[in-house]
Amino acid sequence: MNTPKPDDRSDNVERLQDMVQNTIENIEAAHETMQFASPEERTQIEAKNKRREESIAGMREEIKDEAAARENGYQ
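Thresholds applied
- Residues numbered from 1 in each chain as written.
- Predicted model: local features only at pLDDT ≥ 70, side-chain atom pairs only at ≥ 80, totals over all residues.
- Heavy atoms only, no water.
- Helix = DSSP H or I, 4+ residues; strand = E, 2+ residues; numbered from the N terminus.
- Buried < 20%, exposed > 50% of the residue type's maximum accessible area, 1.4 Å probe, protein only.
- Expected span 1.5 Å × (residues − 1).
- Contact = heavy atoms within 4.5 Å.
- Core = buried A, V, L, I, M, F, W, Y, C linked by side-chain atoms within 4.5 Å.

(A) Molecular detail of the environment of K64. Secondary-structure assignment places K64 in helix α2 (residues 39-71). Taking relative accessible area as the criterion, K64 reaches 54% and is therefore assigned exposed. Taking the C-alpha atoms as reference, K64 lies 14 Å from D18; in sequence the two are 46 residues apart.

Quick look at the structure:
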């Protein structure tokens with residue numbers, strides 16, 4: 001029988017921080033490619049970067065929640 005893995009939240013803050021850093025790097029790389037992009041591609045890149053920035057805001061909120069949960073013993 002397959003048993004589910006236990007919920008291990010011990011490294012969520014670090015993983016989320018890595019995800020934020022990777023997303024920031026993707027935004028920076030996209031900014032660099034915009035100089036070679038057509039106007040249509042620029043519009044698409046700008047829209048994607050806006051979504052990335054919204055994701056970063058959400059991840060930062062989740063980091064705060066996870067850090068608070070860690071301090072409170074995940075209760």
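(B) Summary view of the environment of F36. Checked against the element boundaries, F36 lands in the loop between α1 (12-34) and α2. For the pair F36 and S10, spaced 26 residues apart in sequence, the C-alpha to C-alpha distance is 42 Å.

(C) Quick look at α2. Between the first and last C-alpha of α2 there are 48 Å, a value that for 33 residues agrees with the 48 Å anticipated at 1.5 Å per step. Elements that come into contact with the buried residues of α2 comprise α1. Residue G73 follows α2 closely and has a positive phi angle near 75°.

(D) Quick look at α1. Taking 1.5 Å per residue as the helical rise, α1 with its 23 residues ought to reach 33 Å, and the 33 Å between its terminal C-alpha atoms agrees with that figure. Residues of α1 that are buried in the fold lie against α2.

(E) Structural view of the nonpolar core. Formed by V13, L16, V20, I27, I56, M59 and I63, the largest nonpolar core amounts to seven residues. Residue assignment for this core shows that the elements contributing at least two residues are α1 and α2. Counting residues per element, this core draws most heavily on α1, which supplies four residues. If we ignore the near neighbours within four places in the chain, the residues touching M59 are L16, M19, V20 and T23.

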